[in-house]
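Breakdown of the fold
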Amino acid sequence: MPPLPPPGGRRRLLLLVAGGVLAAASLTVALVALLKGGDEKGPSDTARPTGTSTASSEPSSAPADSTAARARAHTLALRVVLAPEDWAPDHKRSDPYQQDPASEYEVSQDCKGFVQANRSGTLAAVSRSVTYPEANLTLTGTSDVRVFADVRTAEVYMADAQETTRRCPVQQSGKSRWSGVRQAGEPAVTGFDEVMAEEGTQSADADGKTTDYPYVVYTGRSGDTVLSVFALESRARAKLLPPRATAALQKLQQRLVTARGGATPQAGPPDTA
């Protein structure tokens, strides 16, 4: 699954739970989030489902794509992406914690997922993963921030993510498998130009072992910036997913507003780890 967008779109993270423990590898999404993946390879590495499809439309040209623009976008992404304390006081860094730049998760026409270099027009992409002691999982959440050169490229990213969710209810990367992938009810968040949601279950880990980890991926676009949250839990804690992911996505939006206004967010200072 792509954790980051496991979910309805391209920001999924690749999650793998091995031996009952989530093993993180590289994030895409949705932002996002990734657990060590399988053997399927695309233009670059491997990862988990919920991303854009290989049949995606071409992004627009990016006149705003320059060294200076990339530097500004990177600074913005680092100020917006969530730190552990932004999720809850008991949360801590997952290992790996930060992907900078975060890759993009792609899903082929036969629903096989892989990680590839970010699309043209991507100025910055940063993701961070967290967990908390009671969950007994290596990774329970990932936040992903992607800044594009223009609004059109961000819109295409969102459209690609939605298309993949509709097209591939079952996604696989190596031996990892994501089942019941579908669009979910949109979270009650404000401040976005568009919002989408994905849900599903990680049904097999990187070793092919049967698992049962529900996940959600919530993604919102604000102008040329796409924010995504991936959250995964045990079946017994599945009810925690929607409120937790909704709160995290809204916090990302609030931090984006603050960062664009030039003020420093109160929590989660830039971290180059």
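In this report, we go over the structure that sits alongside the text.

**What to know about helix H1 (residues 67–80)**
Here H1 contains 14 residues, and its C-alpha end-to-end distance of 20 Å stays within 8% of the 20 Å for a straight helix at 1.5 Å per residue. Of the positions making up H1, those classed as buried are Ala69, Ala73, Leu76, Ala77, Leu78, Arg79 and Val80. Residues of H1 that are buried in the fold lie against strand S4 (92–99), strand S7 (122–131), strand S8 (141–148), strand S13 (225–232) and helix H4 (241–260).

**Observations concerning the pattern of salt bridges**
A side chain with one charge can pair with a side chain of the opposite charge if their charged atoms come near. For the coordinates displayed, the defined rule picks out 14 salt bridges. Of the charged contacts in the structure, one is a salt bridge between Asp160 and Arg119, with a shortest N-O distance of 2.9 Å. Of this pair, Asp160 sits in helix H3 (residues 151–167) while Arg119 sits in the loop between strand S6 (113–116) and S7, placing them 41 residues apart in sequence. Here Asp160 and Arg119 have matching classes, each one buried. Via salt bridges that share partners, Arg152, Glu155, Asp193, Glu194 and Arg221 belong to a single interconnected network.

**Structural notes on the nonpolar core**
Counting residues in hydrophobic clusters, the biggest one holds 33 residues, and the most contacted among them are Val80, Val145, Leu227, Val229, Leu249 and Leu252. For this core, the secondary-structure elements that each account for two or more residues are H1, S7, S8, strand S11 (194–204), strand S12 (210–222), S13 and H4. Residue contributions to this core peak at seven residues, all from H4. Judged by nonpolar contacts, the second largest core, of nine residues, contains Leu137, Leu139, Trp178 and Val217.

Procedures and definitions
- Residues numbered from 1 in each chain as written.
- Predicted model: local features only at pLDDT ≥ 70, side-chain atom pairs only at ≥ 80, totals over all residues.
- Heavy atoms only, no water.
- Helix = DSSP H or I, 4+ residues; strand = E, 2+ residues; numbered from the N terminus.
- Expected span 1.5 Å × (residues − 1).
- Buried < 20%, exposed > 50% of the residue type's maximum accessible area, 1.4 Å probe, protein only.
- Contact = heavy atoms within 4.5 Å.
- Salt bridge = Lys/Arg side-chain N within 4 Å of Asp/Glu carboxyl O.
- Core = buried A, V, L, I, M, F, W, Y, C linked by side-chain atoms within 4.5 Å.

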